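Chain by chain, the residues:
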Amino acid sequence: MEEKNSGRNRWLHIRLTKEEFDFIDKNFKASACRKRSDFVRRNLLRKPIVMRYRNESLDKLLQELIQLRTQLNFMGNNFNQSVKKLHTLFEISDLRVWILSFASDRNKYFSLVEEIKKSIENLAQKWLQS
């Protein structure tokens with residue numbers, strides 16, 4: 001919740017070097033403050049500042065989950081295309097060809113799903129250990 005600004009009618013102007021500004025800006029971005037002025041004011045008045053905490057293991061987990069989601073989307077798109085093709089077939093010979101090609105696709109899908117399951121299990125084990 002933000003503080004009321006109604007009593008703030010005084011200005012404080014300061015000049016900073018590029019390095020000083022970059023240092024303040026880096027710390028501001030790492031904080032939970034929404035405005036740079038709020039961050040600087042809290043520093044000057046020695047009020048507590050809530051800093052964001054970044055868990056690197058969570059970043060790695062998120063990256064791997066994104067890759068798994070991409071694989072699943074790929075599989076889903078291929079499956080939808082196969083089913084659409086099935087609906088356009090009119091002759092038995094076409095259906096036989098589709099069944100044979102879909103059987104190999106199905107095996108690929110199942111092996112990918114198993115791979116994804118193993119990856120998720122490994123991620124869960126790594127996550128639970130830390």
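Residues numbered from 1 in each chain as written. Predicted model: local features only at pLDDT ≥ 70, side-chain atom pairs only at ≥ 80, totals over all residues. Heavy atoms only, no water.

Side note on the overall build of the chain
Reasoning step 1: Broken down by element type, the chain carries 4 helices and 0 strands.
Reasoning step 2: Along the chain, helices and strands appear, N-terminal first, in the series α-α-α-α.
Reasoning step 3: Per-residue burial for the chain yields a buried fraction of 11% across its 130 residues.
Reasoning step 4: In the chain, the proportion of contacts linking residues at least 24 apart, taken out of those at least 6 apart, comes to 43%. (Helix = DSSP H or I, 4+ residues; strand = E, 2+ residues; numbered from the N terminus. Buried < 20%, exposed > 50% of the residue type's maximum accessible area, 1.4 Å probe, protein only. Contact = heavy atoms within 4.5 Å.)

Some points on unusual backbone geometry
Reasoning step 1: The phi angle at Arg46 is positive, at roughly 55°, despite the residue not being glycine.
Reasoning step 2: Of note, Arg46 is situated in the loop between α2 (36-44) and α3 (56-88).

Thoughts on the nonpolar core
Taken as a class, soluble globular proteins show a tendency for nonpolar side chains to be buried jointly.
Reasoning step 1: Formed by Leu61, Leu68, Met75, Trp98, Phe102, Tyr109, Ile116 and Leu123, the largest nonpolar core amounts to 8 residues.
Reasoning step 2: At the level of secondary structure, the elements contributing two or more residues to this core comprise α3 and α4 (92-129).
Reasoning step 3: Among the elements that line this core, the one with the most residues is α4, at 5 residues.
Reasoning step 4: Each residue touching Phe102, except ones within four places of it in the same chain, is listed here: Phe79, Ser82 and Tyr109. (Core = buried A, V, L, I, M, F, W, Y, C linked by side-chain atoms within 4.5 Å.)

Here's the deal with a nonpolar patch on the surface
Reasoning step 1: A cluster of nonpolar side chains, Leu12, Ile14, Leu16, Phe21, Leu44 and Leu45, forms an exposed patch at the surface whose accessible area comes to about 620 Å².
Reasoning step 2: Mapped onto the elements of the fold, Leu12 is located in the segment before α1 (18-30). (Patch = residues over 30% accessible without salt bridge, like charges linked within 9 Å, V, L, I, M, F, W, Y side chains within 5 Å. Areas by Shrake-Rupley, 256 points an atom, 1.4 Å probe, with all protein chains shown as cover. Salt bridge = Lys/Arg side-chain N within 4 Å of Asp/Glu carboxyl O.)

A look at the pattern of salt bridges
Reasoning step 1: Within this structure, the stated rule accounts for 6 salt bridges.
Reasoning step 2: Across the pair Asp38 and Arg42 runs a salt bridge, and its minimum N-O distance is 3.5 Å. Of this pair, Asp38 and Arg42 both sit in helix α2, 4 residues apart, which is roughly one turn of that helix.
Reasoning step 3: You can call Asp38 partly exposed: its relative accessible area is 22%.
Reasoning step 4: According to the relative accessible area criterion, Arg42 is partly exposed, its value standing at 21%.

Focus: the confidence of the model for the chain
Reasoning step 1: Taken over all residues, the pLDDT of the chain has a mean of 81, while the share at 70 or more is 89%.
Reasoning step 2: Within the chain, no element has a lower average pLDDT than α4, which sits at 77, and none a higher one than α1, at 93. (pLDDT = per-residue confidence, 0-100.)

Some details on the layout of surface pockets
Reasoning step 1: In this model, the second largest pocket occupies a volume close to 220 Å³.
Reasoning step 2: Along its surface, the second largest pocket is lined by Leu12, Ile14, Leu16, Glu20, Phe23, Ile24, Asn27, Phe39, Val40, Asn43, Leu44 and Ile49.
Reasoning step 3: Elements supplying a minimum of two residues to the lining of the second largest pocket: α1 and α2.
Reasoning step 4: The class makeup of the residues in the lining of the second largest pocket is 9 nonpolar, 2 polar and 1 charged. (1 Å grid on protein atoms, 1.4 Å probe; cavity = no way out; pocket = protein on both sides within 12 Å on 5 of 7 lines; lining within 4 Å. Points joined across faces, edges and corners; volume = space filled by probe spheres on them. Nonpolar A, V, L, I, M, F, W, Y, C, P; charged D, E, K, R; others polar.)

Considerations on the packing of α1 against α2
Reasoning step 1: Between α1 and α2, whose axes approach to 10 Å, the crossing angle comes to 100°. In this view, α1 runs roughly perpendicular relative to α2, as classed from their interaxial angle. Every residue of α2 that contacts α1 at Phe21, Ile24, Asp25, Asn27 and Phe28 is listed here: Arg36, Phe39 and Val40. (Axes fitted to C-alpha atoms, helices over the stretch in contact; angles between N-to-C directions. Parallel < 35°, antiparallel > 145°, perpendicular 65-115°, else oblique.)

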